[in-house]
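Residues per chain, in single letters:
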Amino acid sequence: MDMLGDAPLVAIIPAADMARAKSFYTDTLGLKLSDDSGQDLTFECGGTEFGIYETPSAGQAAHTLASFKVDDLDAAMTALRGRGVTFEEYDMPGLKTVNGVAEAEGMRAAWFKDSEGNILCLNERGGR
């Protein structure tokens, strides 16, 4: 059954403070806000959309909620660091970062937290 095979998937990210999240995603990440209903936010990103909704449980997930595919991880990290983003360091079985970057099997990735404590990722593969 592939009834959802043609349905676009939209990520929904939680926020405890909508004004703070709106500022982070527009000003820090430089994303285009396409809708602000007052109840939720919608951002355009790379030809797709994702939403942000208000909930007191924001930032409680201990895993990556969304990943941005980038062509040049180093350049993206430099730009975000210039806007105050701090990249996470991990040292666990199967995942070790050096200066915020993990490398494995043709993929490079770096993780950071948004204004709400949600874990986001930048990843670079051999090509987009």
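Please refer to the structure higher up on the page.
Residues numbered from 1 in each chain as written. Predicted model: local features only at pLDDT ≥ 70, side-chain atom pairs only at ≥ 80, totals over all residues. Heavy atoms only, no water.

The next point concerns helix 2 (residues 73-81). Taken as a whole, helix 2 has its buried residues at L73, A76, M77 and L80. End-on view of helix 2: buried residues confined to an arc of 100°, all on one side of the axis. Elements that come into contact with the buried residues of helix 2 comprise helix 1 (18-28), strand 9 (107-113) and strand 10 (119-125). The backbone nitrogen of D74 has a side-chain oxygen 3.2 Å away, supplied by the residue at the start of helix 2, namely D72. (Buried < 20%, exposed > 50% of the residue type's maximum accessible area, 1.4 Å probe, protein only. Helix = DSSP H or I, 4+ residues; strand = E, 2+ residues; numbered from the N terminus. Arc of directions from axis to C-beta. Contact = heavy atoms within 4.5 Å. Polar contact = N/O pair within 3.5 Å; in protein donor to acceptor, adjacent residues only side chain to side chain.)

In this structure, Y25, L29, I52, F112 and L122 are the most contacted members of the largest nonpolar core, which totals 27 residues. Breaking this core down by element, the ones donating at least two residues are strand 1 (11-15), helix 1, strand 3 (40-45), strand 4 (48-54), strand 5 (64-69), helix 2, strand 9 and strand 10. A102, A109, I119 and C121 belong to the second-largest nonpolar core, a separate cluster that totals six residues. (Core = buried A, V, L, I, M, F, W, Y, C linked by side-chain atoms within 4.5 Å.)

In total, this model carries six aromatic pairs according to the counting rule given. Ring geometry for F24 against Y25: centres 5.3 Å apart, planes inclined by 80°, an arrangement best described as edge-to-face. Taking the centre distance of 5.6 Å and the plane angle of 70° together, the rings of F87 and F112 count as edge-to-face. Note that F87 is positioned in the loop between helix 2 and strand 6 (91-92) and F112 in strand 9, a separation of 25 residues in sequence. (Phe/Tyr/Trp six-rings, centres within 6.5 Å; stacked < 30°, edge-to-face > 60°.)

What follows concerns the environment of A75. One can find A75 in helix 2. Counting along the chain gives 19 residues from A75 to P56, while the straight-line C-alpha distance between them is 34 Å.

Right, let's get into the sheet that holds strand 10. Here we have four strands laid out as an open sheet, ordered 5-10-9-8, and mixed in their pairing. One side of each edge strand has no neighbouring strand; the edge strands of this open sheet are strand 5 and strand 8 (102-104). Between one strand axis and the next, the sheet turns through 25° on average, direction left out of account. Examined bridge by bridge, strand 9 and strand 10 share seven bridges and lie antiparallel to one another. Looking at strand 10, one finds that W111 is bridged to C121. (Pairing = 2+ DSSP bridges. Axes fitted to C-alpha atoms, helices over the stretch in contact; angles between N-to-C directions.)

So, on to the sheet that holds strand 3. Strand order across the open sheet formed by four strands is 1-4-3-2, with mixed pairing between neighbours. Sheet topology places strand 1 and strand 2 (32-36) at the edges, where each strand pairs with a single neighbour. The average undirected angle you get between the axes of adjacent strands in this sheet is 30°.

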